[in-house]
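These are the residues of each chain, in order.
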Amino acid sequence: MIYDALLELLQSRRSVRHFKERPVSRADLDRLLDAARWAPSNHNRQPWKFIVMDDPARIRELADQVRQGMEQKVASLSGVVAVHATGLVQYGTFFAAAPVVIVAMHKLPIAAAAPLWAATRNPELVSGEALSVAMAIQNLLLAAHALDLGACVMTAPLLAENLTSILHVPPGFALTALIAVGHPDGIPQTPRRKIPGHIAEFNPHSNP
Ligand SMILES: Cc1cc2nc3c(=O)[nH]c(=O)nc-3n(C[C@H](O)[C@H](O)[C@H](O)COP(=O)(O)O)c2cc1C
């Protein structure tokens, strides 16, 4: 039965990008962060740090700075990728009117352990910090949904190369994503999902 309730929660969560002006209570923000910290993490390193911004003026200012950074990036590109990047500017700055923005950061891998994964194809993924924070973010998004809040995780703002310095990311950390949170002003349509048969194979390489 708990599976049905969980699936219902998973299926009904949407990325919400339009919010009422109403602020989010401190108690609810504390609940979101509490949910985040129960995510699994590499070696239980809990490599996350969150900065919570709930000052509308500061959030608007941040969105303006991200817009400038993204537009600079677009100006440095040409061809098809420039057209695609132009479309991403709105995707990375809609949070200007969100009552809360949470900045999610992950710890950098432990330098002394670098030889362990240096030769792997994607060392940062193998090391696990960014993946751990992604899991914490999903906990946070689901908790927001369970509290009737709306939220949207965003990586497009990270295209603004000025973001790390604007947000004073501490040494030893990197930006993972921003998360807009607020009381939803409408719930978006459910985007299509691939069917299980198209995303999974059972025992494809086993001998007959
Ligand atoms: C890693 C990641 C990065 C995302 N970045 C953005 C973003 O920058 N801007 C945005 O509006 N949505 C962003 N999204 C939200 C996706 O567009 C959204 O999850 C997808 O369209 C499916 O919609 P749903 O979340 O409502 O099911 C991101 C989602 C993920 C998982």
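For the structure itself, consult the block above.
The notes below deal with the structure included here.

1. Observations concerning the overall build of the protein
Right, on to step 1. From N to C terminus, the protein includes 9 helices and 4 strands.
Right, on to step 2. Shown N-terminal to C-terminal, the secondary structure of the protein runs as helices and strands in the order α-α-β-α-α-β-α-α-α-β-α-β-α.
Right, on to step 3. Across the 208 residues in the protein, those meeting the buried criterion constitute 38%.
Right, on to step 4. Once local pairs closer than 6 in sequence are excluded, the contacts in the protein between residues at least 24 apart make up 81%.
Right, on to step 5. By element, 58% of the accessible surface of the protein is carried by carbon and sulfur atoms, the whole surface being about 12,900 Å².

2. Some thoughts on the site of the ligand
Right, on to step 1. Of all residues adjacent to the ligand, which total 14 residues, the nearest are Arg14, Ser15, Arg17, Tyr91 and Arg193.
Right, on to step 2. Valine 153 is positioned such that a nitrogen or oxygen atom in its backbone is 3.1 Å from a nitrogen atom of the ligand.
Right, on to step 3. With respect to the ligand, the backbone of alanine 156 contributes an N or O atom lying 2.9 Å from an oxygen atom.
Right, on to step 4. In the complex, the protein chains occlude 70% of the 620 Å² of accessible area that the ligand would expose alone.
Right, on to step 5. Top contributing element to the shell around the ligand by residue count: strand S3 (residues 150–154), with 3 residues.
Right, on to step 6. Here the residues of the shell around the ligand are counted per class, giving 8 nonpolar, 2 polar and 4 charged.

3. Considering the packing of helix H1 (residues 2–12) against helix H7 (residues 129–146)
To describe two helices that pack against each other, one gives the angle between their axes and the distance between the axes.
Right, on to step 1. Where H1 meets H7, the closest approach of the two axes is 10 Å, and the angle between their N-to-C directions is 95°. Relative to H7, H1 is oriented roughly perpendicular. Mapping the contact onto sequence places Leu9, Leu10 and Ser12 in H1 and Leu142, His145 and Ala146 in H7.
Right, on to step 2. Per-class residue counts for the contact of H1 with H7 are 4 nonpolar, 2 polar and no charged.

4. Side note on the environment of serine 132
Right, on to step 1. The residue serine 132 is located in helix H7 in this model.
Right, on to step 2. Of the residues examined, serine 132 reaches a relative accessible area of 4% and is grouped as buried.
Right, on to step 3. When sequence neighbours within four positions are dropped, the list of residues in contact with serine 132 reads Ala39, Pro40, Ser41, Asn42, Pro47 and Trp48.
Right, on to step 4. In this structure the side chain of serine 132 is engaged in a polar contact, spanning 2.8 Å, whose partner is the backbone oxygen of glycine 128.

5. Focus: the environment of alanine 119
Right, on to step 1. Of note, alanine 119 is situated in the loop between helix H5 (114–117) and helix H6 (123–127).
Right, on to step 2. What makes alanine 119 exposed here is its relative accessible area of 80%.
Right, on to step 3. Counting along the chain gives 48 residues from alanine 119 to leucine 167, while the straight-line C-alpha distance between them is 32 Å.

6. Examining a nonpolar patch on the surface
Right, on to step 1. Judged by side-chain polarity, Leu125, Leu131 and Met135 come together as a nonpolar surface patch covering roughly 270 Å² of accessible area.
Right, on to step 2. Mapped onto the fold, methionine 135 is located in helix H7.
Right, on to step 3. Residue classification places methionine 135 among the partly exposed positions, given a relative accessible area of 36%.

About the thresholds
Residues numbered from 1 in each chain as written. Predicted model: local features only at pLDDT ≥ 70, side-chain atom pairs only at ≥ 80, totals over all residues. Heavy atoms only, no water. Helix = DSSP H or I, 4+ residues; strand = E, 2+ residues; numbered from the N terminus. Buried < 20%, exposed > 50% of the residue type's maximum accessible area, 1.4 Å probe, protein only. Contact = heavy atoms within 4.5 Å. Areas by Shrake-Rupley, 256 points an atom, 1.4 Å probe, with all protein chains shown as cover. Near = heavy atom within 4 Å. Polar contact = N/O pair within 3.5 Å; in protein donor to acceptor, adjacent residues only side chain to side chain. Nonpolar A, V, L, I, M, F, W, Y, C, P; charged D, E, K, R; others polar. Axes fitted to C-alpha atoms, helices over the stretch in contact; angles between N-to-C directions. Parallel < 35°, antiparallel > 145°, perpendicular 65-115°, else oblique. Patch = residues over 30% accessible without salt bridge, like charges linked within 9 Å, V, L, I, M, F, W, Y side chains within 5 Å. Salt bridge = Lys/Arg side-chain N within 4 Å of Asp/Glu carboxyl O.

Bear in mind that shape data such as this cannot, by itself, settle questions of function.
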